[in-house]
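Residue-level listing of the chains:
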Amino acid sequence: MSRIVMKFGGTSVADLERIKIVAQRVKKEADAGNQVSVFVSAMAGTTDQLVRWVEEISPLHDAREYDTVVSAGEQITAGLLALTLQDMGIPARSWLGWQIPFKTNQVHSAARIEEIGTDEIIKRMEEGIVCVMAGFQGISADNRITTLGRGGTDTSAVALAAAINADRCDIYTDVDGVYTSDPRIVKQARKLDKITYEEMLEMASLGAKVLQTRSVAMAMNHKVRVQVLSSFTDKPGTMVVDEDEIVEKQVVSGIAYAKNEAQITIVGVVNEPGIASNIFLLLADGNINVDMIIQNETEDGRKTDLTFTVTDVDLDKTTSILKGANDIQFDSLLTDINVVKISVIGVGMRSHAGVAATMFKTLAEKGINIQVISTSEIKISVLINSEYTELAVRALHTAYGLDAE
Ligand code: ADP
Ligand code: ASP
Ligand code: MG
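Just so you know, these numbers come straight off a predicted model, no measurement behind them.

Asks: Can you break down the overall build of the chain residue by residue, with the values?
Replies: The number of helices and strands found in the chain is 12 helices and 18 strands. Expected size for 405 residues packed as a compact globule is a radius of gyration near 22 Å; at 23 Å, the chain falls within 12% of this value. Along the three orthogonal principal directions, the C-alpha set of the chain runs to about 80 × 50 × 35 Å. By residue count, 49% of the 405 residues in the chain fall in the buried class. A separation of at least 24 residues holds for 75% of the contacts in the chain among residues at least 6 apart in sequence. Summing over all exposed atoms, the chain offers an accessible surface of approximately 18900 Å²; the carbon and sulfur share of this is 48%. Looking at the chain, you have 39 positive and 55 negative side-chain charges, and the mean spots of the two groups are 5 Å apart.

Asks: Summarise the site of ligand 2; cite the residues concerned and give the values.
Replies: Close to ligand 2 lie Ser41, Ala42, Thr47, Glu74, Phe136, Arg150, Gly151, Gly152 and Thr153. Ser41 has a polar side-chain atom sitting 2.9 Å from an oxygen atom of ligand 2. Between an oxygen atom of ligand 2 and a main-chain N or O atom of Gly152, the distance comes to 3.3 Å. Here ligand 2 loses 86% of its free accessible area of 270 Å² to cover by the protein chains. Of the residues contributing to the shell around ligand 2, the split by class is 2 nonpolar, 5 polar and 2 charged.

Asks: For empty space enclosed by the protein, give the residues involved together with the corresponding values.
Replies: One pass over the full model with this rule turns up 1 cavity of 30 Å³ or more. Approximately 30 Å³ is the volume attributed to the largest cavity. No other element matches helix H8 (residues 213–222), which puts 3 residues into the lining of the largest cavity. When the residues that make up the lining of the largest cavity are grouped by side-chain class, the tally is 7 nonpolar, 1 polar and no charged.

Asks: Lay out the sheet that holds strand E1 (residues 3–8) with the relevant residues and their values.
Replies: Ordered in space as E3-E6-E2-E1-E9-E11-E12-E10, the 8 strands form an open sheet in which the pairing is mixed. Strands with a single pairing partner mark the edges of an open sheet, and in this sheet they are strand E3 (92–95) and strand E10 (194–196). Within this sheet the neighbouring strands show an average axis-to-axis angle of 20°, counted without direction. Running at roughly 80° to E10, helix H7 (residues 197–205) makes contact with E10 and strand E12 (238–241) of the sheet.

Asks: Please provide a residue-by-residue account of the layout of surface pockets, values included.
Replies: Here the second largest pocket is characterised by a volume of approximately 290 Å³. If you go around the second largest pocket, you meet 13 residues; those closest to its centre are Leu192, Asp193, Lys194, Ile246 and Glu248. For the lining of the second largest pocket, the per-class residue count stands at 4 nonpolar, 2 polar and 7 charged.

Asks: Just give me the short version of the packing of helix H2 (residues 46–57) against helix H3 (residues 63–70), but keep the residues and values in it.
Replies: Running from N to C, H2 and H3 point in directions that differ by 145°, and their axes come no closer than 9 Å. Here the hand of the crossing between H2 and H3 comes out right-handed. Where H2 abuts H3, its residues Thr47, Leu50, Val51 and Val54 lie against Tyr66, Val69 and Val70. Of the residues belonging to the contact of H2 with H3, the class tally is 6 nonpolar, 1 polar and no charged.

Asks: So, the packing of H7 against H8: which residues are in play, and what are the values?
Replies: Where H7 contacts H8, the axes come no closer than 8 Å and their chain directions differ by 165°. The angle between H7 and H8 falls in the class roughly antiparallel. Classified by chirality, the crossing of H8 by H7 is left-handed. Here Tyr197, Glu198, Met200, Leu201, Ala204 and Ser205 of H7 come into contact with H8, specifically with Thr213, Val216, Ala217, Ala219 and Met220. Of the residues contributing to the contact of H7 with H8, the split by class is 8 nonpolar, 2 polar and 1 charged.

Asks: Outline the pairing of strand E9 (residues 168–173), supporting the account with residue identities and numerical values.
Replies: Counting buried residues in E9 gives 5 out of 6 residues, a clear majority hidden from the surface. Pairing between E1 and E9: 5 bridges, direction parallel. Across the sheet, Ile4 pairs through a bridge with Arg168, a residue of E9. Here 5 bridges tie E9 to strand E11 (residues 226–230), and the two strands are oriented parallel to one another. In the sheet register, Asp170 faces E11, and the bridge partner there is Gln227.

Asks: Which residues make up unusual backbone geometry, and what values go with them?
Replies: Along the chain, Ile100 connects to Pro101 via a cis peptide bond; the corresponding omega equals -10°. Relative to the helices and strands, Pro101 is located in the loop between E3 and strand E4 (102–104). For Phe136, which is not glycine, the phi dihedral falls at a positive 80°. Turning to its location among the elements, Phe136 is positioned in the loop between strand E6 (130–134) and strand E7 (137–140). With a relative accessible area of 3%, Phe136 lands in the buried category.

Criteria and thresholds
Residues numbered from 1 in each chain as written. Chains lettered and ligands numbered in written order. Predicted model: local features only at pLDDT ≥ 70, side-chain atom pairs only at ≥ 80, totals over all residues. Heavy atoms only, no water. Helix = DSSP H or I, 4+ residues; strand = E, 2+ residues; numbered from the N terminus. Rg over C-alpha atoms; globule rule 2.2 N^0.38 Å. Buried < 20%, exposed > 50% of the residue type's maximum accessible area, 1.4 Å probe, protein only. Contact = heavy atoms within 4.5 Å. Areas by Shrake-Rupley, 256 points an atom, 1.4 Å probe, with all protein chains shown as cover. Lys, Arg positive; Asp, Glu negative; His and termini not counted. Charge placed at Lys NZ, Arg CZ, Asp CG, Glu CD. Near = heavy atom within 4 Å. Polar contact = N/O pair within 3.5 Å; in protein donor to acceptor, adjacent residues only side chain to side chain. Nonpolar A, V, L, I, M, F, W, Y, C, P; charged D, E, K, R; others polar. 1 Å grid on protein atoms, 1.4 Å probe; cavity = no way out; pocket = protein on both sides within 12 Å on 5 of 7 lines; lining within 4 Å. Points joined across faces, edges and corners; volume = space filled by probe spheres on them. Pairing = 2+ DSSP bridges. Axes fitted to C-alpha atoms, helices over the stretch in contact; angles between N-to-C directions. Left-handed = near helix turned anticlockwise from the far one by under 90°. Parallel < 35°, antiparallel > 145°, perpendicular 65-115°, else oblique.

Quick look at the structure:
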């Protein structure tokens with residue numbers, strides 16, 4: 001007998017028929033004698049609709065009310081799945097975030113889990129009840145509903161799995177595992193049997209939305225055995241594992257892309273010590289996350305151009321902070337939102353040279369200009385014109401020998 005947490009994403013619970021298929025999967029685990037907890041997302045498209053309504057009615061909305069609205073989709077699916085299970089003769093009941101409770105901080109729309117009440121859930125699972133829970137939501141110390149950021153049901157599931165010491169956390173979605181690249185744009189993408197926590201963390205944070213980044217960080221910290229698999233087929237999925245569980249390490253395991261980037265160049269900044277620190281401290285004060293950075297001195301060294309990226313939603317705020325800063329002198333500000341960040345990721349990069357050279361050569365051969373570069377131990381990212389997203393990802397996929405036969 002095992003204790004397992006199952007998570008079903010939006011497409012897996014998109015309508016009543018699919019909820020019945022989900023219930024069959026849950027039944028199978030319960031019938032096998034396992035203790036089962038289930039997290040569900042809202043039906044596909046529901047959360048997007050809720051977000052649109054909030055933005056339409058109140059563009060500068062109160063973040064607390066935003067969470068009240070956008071958390072609502074999960075309540076429906078949790079209740080419907082509990083009902084479906086009951087009708088199949090399986091004892092089940094639903095819980096909302098505040099009932100469990102999932103206690104979070106007060107950062108609405110991107111709240112962090114601080115504590116999970118596990119006593120009742122564990123007791124009910126031991127009694128043989130399937131605990132069906134609304135993902136993505138929690139409650140803050142001041143008794144308000146919070147949400148964990150888009151895709152947050154992954155994090156709900158992994159967090160509970162860690163808190164109740166589950167043997168497995170199975171993330172059911174609309175693809176049958178983690179692929180070498182997004183199978184929606186790379187037809188030749190291959191499913192990985194295993195991927196390391198570190199690589200998955202990079203893949204997720206660099207754009208592969210198959211798992212929410214925070215859920216991977218949590219799984220890594222608490223050694224939760226996470227498996228990504230399809231709710232529509234019975235194929236084995238992808239296990240997220242420790243590096244030492246992978247015998248043959250690939251140099252490059254995957255390629256990710258993120259379209260929500262924006263590039264800013266501050267042209268003609270006075271080149272003196274402390275100027276970069278002034279600029280980036282100012283942006284940090286404005287809660288703006290800066291990602292890639294490059295700096296180019298002019299020939300005489302008296303001025304410099306500073307180029308960096310932020311997420312596209314932060315672009316307007318960033319330019320208004322810079323324009324409003326009296327102590328930062330520059331000639332002009334250039335912005336570009338037609339950019340995409342393409343990243344190649346692999347733990348094998350630590351011990352192999354030439355990965356960057358292959359990337360640059362491949363892009364050059366396709367006539368694609370690189371605007372910014374950034375690297376870490378296990379990834380290389382470049383910023384290019386978004387028009388070339390598919391072309392670049394596919395060419396790199398082939399160049400690193402990742403294409404399926
Ligand atoms: P869910 O609603 O189940 O949470 P998501 O839409 O959040 O599902 O995540 C699954 C999607 O992630 C897939 O449909 C796929 O297009 C996308 N994806 C992006 N990169 C990858 C990758 N490397 N491997 C698998 N899926 C990926
Ligand atoms: N329903 C939420 C979203 O669409 C949470 C989730 O699906 O994980 O972002
Ligand atoms: Mg998701």
